[in-house]
Amino acid sequence: MSQDITLRTEGLTKRWGPFVANSDVSLTFEPGARHALIGPNGAGKTTFINLLTGGFMPSSGKVYLGGEDITHLPQHQRVRRGMTRTFQLNTLFAGMTVLESVALAICERRGLQSVWYKTVAKHADVIDEAMALLATLKLTDQANSVTRSMAYGKQRLVEIALALATKPRILLLDEPAAGIPQAESKELFEVLAQLPRDVTVLFIEHDMGLVFRFADRITVLVGGKVLTEGTPAEIAADQRVKEVYLGEAEHG
Ligand SMILES: Nc1ncnc2c1ncn2[C@@H]1O[C@H](COP(=O)(O)OP(=O)(O)OP(=O)(O)O)[C@@H](O)[C@H]1O
Ligand SMILES: [Mg+2]
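All figures in this text were calculated on a predicted structure; none of them were measured in a lab.

About the criteria used
Residues numbered from 1 in each chain as written. Chains lettered and ligands numbered in written order. Predicted model: local features only at pLDDT ≥ 70, side-chain atom pairs only at ≥ 80, totals over all residues. Heavy atoms only, no water. Domains from an automatic or database assignment. Contact = heavy atoms within 4.5 Å. Salt bridge = Lys/Arg side-chain N within 4 Å of Asp/Glu carboxyl O. Helix = DSSP H or I, 4+ residues; strand = E, 2+ residues; numbered from the N terminus. Nonpolar A, V, L, I, M, F, W, Y, C, P; charged D, E, K, R; others polar. Pairing = 2+ DSSP bridges. Core = buried A, V, L, I, M, F, W, Y, C linked by side-chain atoms within 4.5 Å. Buried < 20%, exposed > 50% of the residue type's maximum accessible area, 1.4 Å probe, protein only. Phe/Tyr/Trp six-rings, centres within 6.5 Å; stacked < 30°, edge-to-face > 60°. Near = heavy atom within 4 Å. Polar contact = N/O pair within 3.5 Å; in protein donor to acceptor, adjacent residues only side chain to side chain. Areas by Shrake-Rupley, 256 points an atom, 1.4 Å probe, with all protein chains shown as cover. Axes fitted to C-alpha atoms, helices over the stretch in contact; angles between N-to-C directions. Parallel < 35°, antiparallel > 145°, perpendicular 65-115°, else oblique. Left-handed = near helix turned anticlockwise from the far one by under 90°.

Another aspect to go through is the domain arrangement of the protein chain. By domain assignment, the protein chain separates into domain 1 (1-82 + 168-252) and domain 2 (92-166). Relative to domain 2, the C-alpha centre of domain 1 lies at a distance of 26 Å. Of the residues lining the interface, 18 residues belong to domain 1; the matching set on domain 2 comes to 13 residues. Our count for the domain 1 to domain 2 interface comes out at 1 salt bridge. With its nearest N and O atoms 3.2 Å apart, the salt bridge here joins Lys154 to Glu187. At the level of secondary structure, the elements contributing two or more residues to the side of domain 1 that touches domain 2 comprise strand S8 (170-174) and helix H7 (182-193). It is H7 that provides the largest number of residues to the side of domain 1 that touches domain 2, a total of 5 residues. In the side of domain 1 that touches domain 2, the residues fall into 13 nonpolar, 2 polar and 3 charged.

Alignment of strand S4 (residues 34-38) against strand S10 (residues 217-222), held across 4 bridges, turns out to be parallel. By the bridge assignment, Ile38 is partnered in S10 with Val220. Note: S10 against strand S11 (residues 225-230), 5 bridges, orientation antiparallel. For Val220, the partnering residue across the bridge sits in S11 and is Thr228.

Within the largest apolar cluster, 52 residues are counted, with the highest numbers of intra-cluster contacts made by Leu137, Phe203, Val211 and Ile218. Top contributing element to this core by residue count: helix H4 (residues 98-110), with 8 residues. Both domains that meet at this core, namely domain 1 (1-82 + 168-252) and domain 2 (92-166), each give it at least three residues. The contacts of Val211, once residues within four sequence positions are left out, are Ala36, Ile38, Phe203, Glu205 and Ile218.

Attention now goes to the packing of aromatic side chains. What the rule picks out here adds up to 5 aromatic pairs. On the basis of an interplanar angle of 45° and a centroid distance of 6.1 Å, the ring pair of Phe29 and Phe48 is categorised as tilted. Of this pair, Phe29 sits in strand S3 (residues 28-29) while Phe48 sits in helix H1 (residues 45-53), and the two are 19 residues apart along the sequence. Residues Phe29 and Phe48 agree in their burial class; the two are buried. Relative to Phe214, the ring of Phe203 lies with its centre 5.0 Å away and its plane at 65°, an arrangement referred to as edge-to-face. You can see Phe203 sitting in strand S9 (residues 200-204) and its partner Phe214 sitting in helix H8 (residues 208-214), a full 11 residues away along the chain. In this structure, Phe203 and Phe214 share a single accessibility class: buried. Joined through ring pairs, the aromatic side chains of Phe189, Phe203 and Phe214 make up one cluster.

Relative to the helices and strands, Glu30 is located in the loop between S3 and S4. Apart from the residues within four sequence positions on either side, Glu30 is in contact with Thr6 and Thr200.

The environment of ligand 1 is formed by 13 residues, the closest being Gly42, Lys45, Thr46, Thr47 and His206. Side-chain polar atom of Lys45 to an oxygen atom of ligand 1: 2.8 Å apart, as the coordinates give it. Here Thr47 contributes a side-chain N or O atom positioned 2.6 Å from an oxygen atom of ligand 1. Compared with its free state, where it exposes 640 Å², ligand 1 has 61% of that area covered by protein. Among the elements of the structure, strand S2 (19-25) and H1 are those that each provide at least two residues to the shell around ligand 1. Of the residues contributing to the shell around ligand 1, the split by class is 5 nonpolar, 6 polar and 2 charged.

This part is about the packing of H4 against helix H6 (residues 152-164). One way to put it is that H4 packs onto H6 with a least axis distance of 8 Å and a crossing angle of 25°. Considering the angle they form, H4 stands roughly parallel to H6. The two elements H4 and H6 meet at a crossing, and its hand is right-handed. Between H4 and H6, the residues in contact are Val98, Ser101, Val102 and Ala105 and Val158, Ala161 and Leu162, respectively.

Here's what the structure looks like:
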C-alpha cells in the first residue's frame, strides 16, 4: 500500500443564490478514521459529500487529498486518486449476479475496458480479487445471486463492494443504512466495522446508536456550519449538541 492519504477541506462554502448550504467548512479526515458527519435534516451533509466528490463545485474554499488541491478535478480523477463514494445499483448491475458486477468493476479499474462480463470468467485473477472482496463483505454465499433478488441490506453491501473495487483510500457513505430494516442496518455496520484500517471511512448516519458504536470521530453540522467536532465521548457530553438533538445524542 502507498502512504497514508489525508483528506482536508479549507473554508469550503457552497451557495445557491442567497442560500448558504455549506459555510466555511474546514475539516481534516485522518487516515484510518471512522468519521461520522451528523446533523439535522438540511444541515448540508450531503452537499458536503458532493463537494468532496466533485458532484458540486464550491462557491469558495478548497479540497485537498494527500496535500494535492483537487477542488476542481472531475469526479473520475478523484476516484483514481483514491476517493470513492457508493454508487446506486443501476438496472444493468441489478440484473447481473453479485460476482459479475464486482468483477466488472474490477475490470474497469484495471483498464480492461473491452472485457464484457460474459468473458470475465476468463480472467482468473479478476475473479480471485472479486471473491476476496465478497468475503470481506460477508457476501460469499451470495456470489451467484442476482443482485435485484437480494434483501436491501445485502444490495447495500454490493454497492459498497463496487465502491471498494476501485481500491479507495477514502470511502464516502451517505446514509448507507437508509431504507433498510434495523436488523439489517446493524449487520451492515458490523461488516463496515471490519473493513481494513487502510481505508478511511467518512459516513453520514442519522441513527445515533450506530454512529456512537461505529465512529471514532464525529463532526456535527448545523445550518451548513460546523457546530463542533470531537470523539464520541466529547460529542455525547456537548450541551450544544444535546440541544440540537433534544437529548437524542445521549446514547454515547
Ligand atoms: N442542488 C441544490 N440546489 C439548491 N438547494 C439545494 C441543492 N441541494 C441541496 N440544497 C439545499 O441545501 C440544504 C442542505 O441540503 P443537504 O441535502 O446537503 O442536507 P442534508 O444535511 O444532507 O440533509 P438530510 O439529512 O435530510 O439528508 C437544504 O436546504 C437543501 O434544500
Ligand atoms: Mg443528506
